[in-house]
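Now for the letters of each chain:
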Amino acid sequence: MAMREAELTEQLWGDSAGAGVIFVSRVQHLEFSLACRGLVCVSRDRKPNTLVQVAALDVCEQSLLAFSSTEIVQGTRDPLFLTGVAFPPQCPILEETVIKLSVYDVKDKSANNSTFLGSATFSVADLLKSRDQQISLNLRSSDDLEAVGTVVVSRMKMGEIEDGEVDHMATDIQAQKCALVCESLHGTTNDKDYGPLMSALFKNPVCKVYRFQTLDSKWMLVREQMAESTLSFTIPKQLITLHIQEDSRRIQELKDLGELSPHWDNLRREVISRYDQVIRSYQETLEELDKLTGPSFKPSCSKAQKYLEFIPINLHTQRMRVTCPRKTDAFYDIITVGAPAAHFQGFKSGGLQKLLSRYESEKKSYSTAYQCIYYSPEQTAKAREVLGSLSELQPLISSLADRLLQAAQQRSVDALRDTLKSLAEKTEQFVHALKDELVKSALLALHAARPGYISKTQTHTPPPLHLQTEMPQTPSHTGAEPDAAVCINMDEVQTPNKEEQLAAVTLERQDSIPHYKEYDEEEWDRVWASVAKSLNCVIALVDKLQEQDNNNQESTPDQALADVITSHNPTGEWREQLSPLVASLKECVTEVGDRAQKSMTFILLQEAVCSIPQGLFLQQRRDVVFSQALSALACGFVMRLYAGLEDKGFLQQLHLVGLVAQFESLLSTYSEEIGMLEDMETGISDLNRVTFRITEAKSDDPAELQPVVSGRRDYYTVEIPLPQQSFQIIPPELQEGKPLQIFPVLFNVGINEQQTIAERFGDISLQERINQRNFEILDGYFKTLSDKVPSECLPCFQTQMDVKELLETLGQNVVTKKRKNVEILWLAGTICRRLNGIRFTSCKSAKDRTSMSVTLEQCALLRDEHQLSKDYFIRALDCMRREGCRIENVQKNIKCRKYAFNILQLMAFPKCYRPPEGTYGKVDS
């Protein structure tokens, strides 16, 4: 049906040759609608099935700029097309640009059998300068001998139906009675879609426009816009870099363990060798990614390429914007992405969920074989958490201690108080992070792995940790009672003198774990407690110095207080008095941190030893899946944030509770797609380890607006820079960098023929478990949201049913045994939008099944929220699937405008997920 490019170019040049056009201004966002009148077929007694193909030619550049076409309108001589023509900003449409309209009679949709009826050409200037920006052109036959009808071109406007227009444009099919007048969509609408903030991260937009009639005989204008995102590549590249840095640190930590027995030293060497292999592999991947240029997405045909395995498949944003008479514009966003899964590694052994479960059961036997202690996943996660806390808190405590001394030197009471408060908070976090029996047991295990280890028979039970009290709080005012600040677990209420303080906190310097001697398990308790005691002494002295300063300003202190002040050398500087205590605190923190780091590293060494049979295969697979999932999430978060910058209710919800990210999956629970779903489940669940922060960009340069990822495998932060103008309007809590939570949920319902087999002969328990578990998460999120955020902060919808009722219905559907219960997906998507959430839709490649779902959701929104006429629902659905953004997505991926379905497959699909005739066939996807 589609004309060949060469043929179309030749026809266009035949019409425009020798025009001698002079350049004028460029036209932004050109959009127009089409209708035909009085079409004449070769067979006079037959009414045509009409389609109009559109081509634009820049006669100055002598190049073909764009192809577009309308939907097919059947059985009428006066077709009115719902699909309009849109030229996005990246298409250089000038007033001199010539546009050719070619009209065809389509006799067989599936066979692309069509007859050329006639054509007409016009320049953009003709349309812009015409009365009411509407022109009527005669269609000429191929031999240019006769007129075969007219075509009406109208620049998109918005308004109500006028009876005269309806009568004048009456067609042979009642359903085609539409108005031709729409209200302009230029201005803020386009600014939001094409502005610098959006264009920094979203590239190569594809735009489609439609006009649909409403129930009250009015008329809406609908714009679809699909775009690629630079985050498809920038997020994975940052993650790979972070993985390399983290694994390099792990190697250094293993080397820093010190001398080990020959058995453990050999195992350490092997683990380091494995880490080196992973690092080299990731470095090679990063080098290959740095060489890539071109589109900002990974096509479905490249999903199994090694160097692209971290890149999400076919990641695109899609926005539908709706303009109706006398109503505020509404828009609906959705992120489409191929299932986050290790497609290159394959699914013969299943996906992550199954592989991780099998690995944990096998790890116990490997731990015995390698003489290791078995640590549960929770314990190894705790070890990583402790290491992360140490790497974050140790330098922070050291920095705050130095700032405290600086404030003391300046005798700044306010700075001293504020810095001490921060120092106390961070030291408290440090102490509590290490208050775990896991650290003690790991220290003993590490001691046993030293050469010359001597076993000690314990005749008594080691005493429990004796520091279980709360950390001291920084005094709220400088006039606090002298005995308000005391050393932890010290019964005395008097402040010790300088010699006593130093004696309490000075530690004998020694190796982290003594070699060649018995291990004293109580020693760790003493070392750990010394941090809190040191801090308490610092607080006590600062309190005294502040009280002294107040008393000196008010009156001469009494004799008792004077004695205390004298003991602290009142004639000396504050810094001189604080310096020894602060130095001791830093020494204690360093000593405790060094021991704890070595013990936690030894736990991770044992875990790595147990995984040697599989290398680091599982970790690499998890890295790959997480990279794809995080890229999609970051894209969706940015899209949602940009859209809600002026919505105070949304911003309040964002910082008080966070956002739900709802992933819709259409994978089957049969064959290799089971492995994909298992990968996807783990990848989506791992997104719980991610928080977002909003920062102020250094400039409006697109490079400065790119999100930045930091952290480690157990916890990542994604910073979203905003231009200064946007940053200044968000709430203070967001400006201060408060971590923003995301609540990812996944709902899956298979819809293809493989799911039919699974439901009748296989096992769908994976799908049932996923839906039940994620319903509970979604329900819990709503309860938290209801407690903390007023209902006025949530968006208003026409649908009468409230969120609580929708959740109840979803819960019932989740536990109902019903084949291909797609209502689960519809309800979950509706609830997500009602909760200001981020919507995602996935299948294997986000191309075919995803396209059916997205277009169905868009038309359902038009019906439920914008009163789309029931007579137009199916036509609107066919328009979007035949000529909308989703068929363009198929073209981008496989260079063919066919959905990868066959008629037998479609017989198993729910009817509303079937594409129109002629849009599907056997293709290589």
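How each quantity is defined
- Residues numbered from 1 in each chain as written.
- Predicted model: local features only at pLDDT ≥ 70, side-chain atom pairs only at ≥ 80, totals over all residues.
- Heavy atoms only, no water.
- Helix = DSSP H or I, 4+ residues; strand = E, 2+ residues; numbered from the N terminus.
- Buried < 20%, exposed > 50% of the residue type's maximum accessible area, 1.4 Å probe, protein only.
- Contact = heavy atoms within 4.5 Å.
- Areas by Shrake-Rupley, 256 points an atom, 1.4 Å probe, with all protein chains shown as cover.
- Phe/Tyr/Trp six-rings, centres within 6.5 Å; stacked < 30°, edge-to-face > 60°.
- Lys NZ or Arg CZ within 6 Å of the ring centre and 35° of its normal.
- Core = buried A, V, L, I, M, F, W, Y, C linked by side-chain atoms within 4.5 Å.
- Patch = residues over 30% accessible without salt bridge, like charges linked within 9 Å, V, L, I, M, F, W, Y side chains within 5 Å.
- Salt bridge = Lys/Arg side-chain N within 4 Å of Asp/Glu carboxyl O.
- Pairing = 2+ DSSP bridges.
- Axes fitted to C-alpha atoms, helices over the stretch in contact; angles between N-to-C directions.
- Parallel < 35°, antiparallel > 145°, perpendicular 65-115°, else oblique.
- Left-handed = near helix turned anticlockwise from the far one by under 90°.
- Nonpolar A, V, L, I, M, F, W, Y, C, P; charged D, E, K, R; others polar.
- Polar contact = N/O pair within 3.5 Å; in protein donor to acceptor, adjacent residues only side chain to side chain.
- pLDDT = per-residue confidence, 0-100.
- Expected span 1.5 Å × (residues − 1).

A. Seen up close, the overall build of the protein chain. Per the secondary structure count, the protein chain includes 28 helices and 18 strands. Among the 925 residues that make up the protein chain, the fraction classed as buried is 57%. A fraction of 78% describes how many contacts in the protein chain between residues 6 or more apart in sequence connect residues 24 or more apart. With an accessible surface of roughly 38,900 Å², the protein chain has 48% of that area assigned to carbon and sulfur atoms.

B. Spatial organisation of the packing of aromatic side chains. Inspection of the entire model under this criterion finds eleven aromatic pairs. Arranged with centres 5.6 Å apart and planes meeting at 15°, the rings of Tyr-210 and Phe-212 form a pair that is stacked. Where Phe-743 meets Tyr-781, the ring centres are 5.0 Å apart and the plane angle is 50°; that geometry is what we call tilted. Taken together, the residues Phe-743 in strand 17 (residues 740-748) and Tyr-781 in helix 22 (residues 765-788) connect sequence positions 38 residues apart. In this structure Tyr-781 comes out as buried when scored by relative accessible area, which is 2%. When the ring centre of Phe-331 is taken as origin, the NZ or CZ atom of Arg-319, which lies over that ring, is 4.6 Å away. Against the face of Phe-650 rests Arg-640, its NZ or CZ located 4.1 Å from the ring centre.

C. Quick peek at the nonpolar core. Core analysis: the biggest nonpolar cluster contains 85 residues, and Trp-264, Phe-430, Leu-434, Leu-578, Met-600 and Leu-605 have the highest contact counts within it. Of the residues forming this core, the biggest block, 17 residues, is contributed by helix 15 (residues 574-610). Every residue in contact with Phe-430, bar those within four places of it in the chain, is listed here: Leu-390, Leu-393, Gln-394, Ile-397, Val-531, Val-589, Val-592 and Gly-593. Leu-239, Leu-630, Met-639 and Ala-661 belong to the second largest nonpolar core, which has 61 residues in total.

D. Looking closely at a nonpolar patch on the surface. On the surface, Tyr-670, Ile-757 and Phe-761 cluster together into a nonpolar patch covering about 320 Å² of accessible area. Residue position: Ile-757 is located in helix 21 (residues 753-761). Assessed through its relative accessible area of 33%, Ile-757 is described here as partly exposed.

E. Focus on the pairing of strand 10 (residues 219-229). Counting buried residues along strand 10, eleven of its eleven residues qualify, which places the element largely inside the surrounding structure. In this sheet, strand 10 lies alongside strand 9 (residues 202-213) in antiparallel orientation, the contact comprising ten bridges. From the neighbouring strand, Phe-202 faces strand 10, where its bridge partner is Ser-229. Linking two consecutive strands that pair antiparallel, namely strand 9 and strand 10, is a turn of five residues; a positive phi of about 60° is found at Ser-217 within it. As defined by bridge partners, strand 10 adjoins strand 11 (residues 316-323) across eight bridges and the pair is classed as antiparallel. If you follow Ala-227 over to strand 11, its bridge partner there is Thr-317.

F. Looking closely at the packing of helix 18 (residues 672-686) against helix 22. Between helix 18 and helix 22, the least distance of the axes is 11 Å, while the angle of their chain directions is 20°. What the angle tells us is that helix 18 and helix 22 run roughly parallel. Judged by the twist between their axes, the crossing of helix 18 over helix 22 is left-handed. Residues Ile-674, Leu-677, Glu-678, Glu-681 and Ser-685 of helix 18 form the contact with helix 22, whose participating residues are Leu-766, Arg-769, Ile-770 and Arg-773. Its residues placed into classes, the contact of helix 18 with helix 22 shows four nonpolar, one polar and four charged.

G. Representation of unusual backbone geometry within the structure. A positive phi is found at Ser-217, a non-glycine position, where the angle reads about 60°. Summarising the element assignment, Ser-217 is placed in the loop between strand 9 and strand 10. For Ser-671, which is not a glycine, the phi torsion comes out positive at approximately 60°. Mapped onto the elements, Ser-671 comes out in the loop between strand 13 (659-665) and helix 18.

H. Expanded view of the pattern of salt bridges. Applying the stated criterion across every chain yields a total of 37 salt bridges. We note a salt bridge from Arg-622 to Asp-686, for which the minimum N-O separation is 2.8 Å. Remark: Asp-686 occurs in helix 18 and Arg-622 occurs in helix 16 (residues 617-643); sequence separation between them is 64 residues. When its relative accessible area of 27% is taken as the criterion, Arg-622 is described as partly exposed. Residues participating in the shared-partner salt-bridge network are Glu-246, Asp-247, Arg-250, Glu-253, Asp-623 and Arg-713.

I. The sheet that holds strand 12 (residues 330-336), seen in detail. Reading across from one edge, 9-10-11-12-18-13-17-14-16-15 is the order of the ten strands in this open sheet, with mixed pairing throughout. Each edge of the sheet is formed by a strand with only one pairing partner; in this case those strands are strand 9 and strand 15 (708-712). Across the sheet, the mean angle from the axis of one strand to that of its neighbour is 25°, orientation sign disregarded. Where strand 15 lies against strand 16 (residues 715-722), five bridges are found, and the strand directions are antiparallel. In the sheet register, Val-709 faces strand 16, and the bridge partner there is Val-718. Sheet strands touched by helix 6 (residues 231-255): strand 10, strand 15 and strand 16. Its angle to strand 15, the strand with the most contacts, is close to 30°. Seen against the sheet, helix 24 (residues 823-834) touches strand 12, strand 13, strand 17 and strand 18 (838-842) and runs at an angle of roughly 160° to strand 13.

J. Molecular detail of the environment of Gln-706. Topologically, Gln-706 is positioned in the loop between strand 14 (690-696) and strand 15. Accessibility expressed as a relative area gives 18% for Gln-706, which makes it buried. With near-sequence residues (within four places) excluded, Gln-706 lies in contact with Ala-200, Leu-201, Thr-230, Leu-231, Thr-234 and Pro-721. Within the structure, Gln-706 has its side chain in polar contact with the backbone oxygen of Ala-200 (distance 3.1 Å). There is a polar contact of 3.2 Å between the side chain of Gln-706 and the side chain of Thr-230.

K. Geometry of the confidence of the model for the protein chain. For the protein chain, mean pLDDT is 82; residues scoring 70 or higher make up 80% of the total. Every residue in residues 1-24 is under pLDDT 50, and counting partners more than four places away or in other chains gives 45 contacts. Below pLDDT 50 for its whole length, residues 158-191 participates in 88 contacts with residues either more than four positions away or in separate chains.

L. Local environment of helix 16. End to end, helix 16 covers 40 Å across 27 residues, agreeing with the expected 39 Å (1.5 Å per residue, within 8%). A large share of helix 16 lies buried, amounting to 22 of its 27 residues.

M. Just the side chain of Asn-748, in detail. Among the secondary structure elements, Asn-748 is positioned in strand 17. At 2.9 Å, the side chain of Asn-748 forms a polar contact with the side chain of Gln-767. With residues up to four places along the chain from it excluded, the contact list for Asn-748 reads Ser-665, Leu-666, Leu-667, Leu-677, Gln-767, Asn-771 and Leu-825.

N. Highlighting the packing of helix 9 (residues 377-409) against helix 15. Following both chains from N to C, one finds helix 9 and helix 15 inclined at 170°, their axes separated by 9 Å at the closest point. As the angle between them shows, helix 9 and helix 15 are arranged roughly antiparallel. Class assignment for the residues of the contact of helix 9 with helix 15 results in 17 nonpolar, ten polar and five charged.

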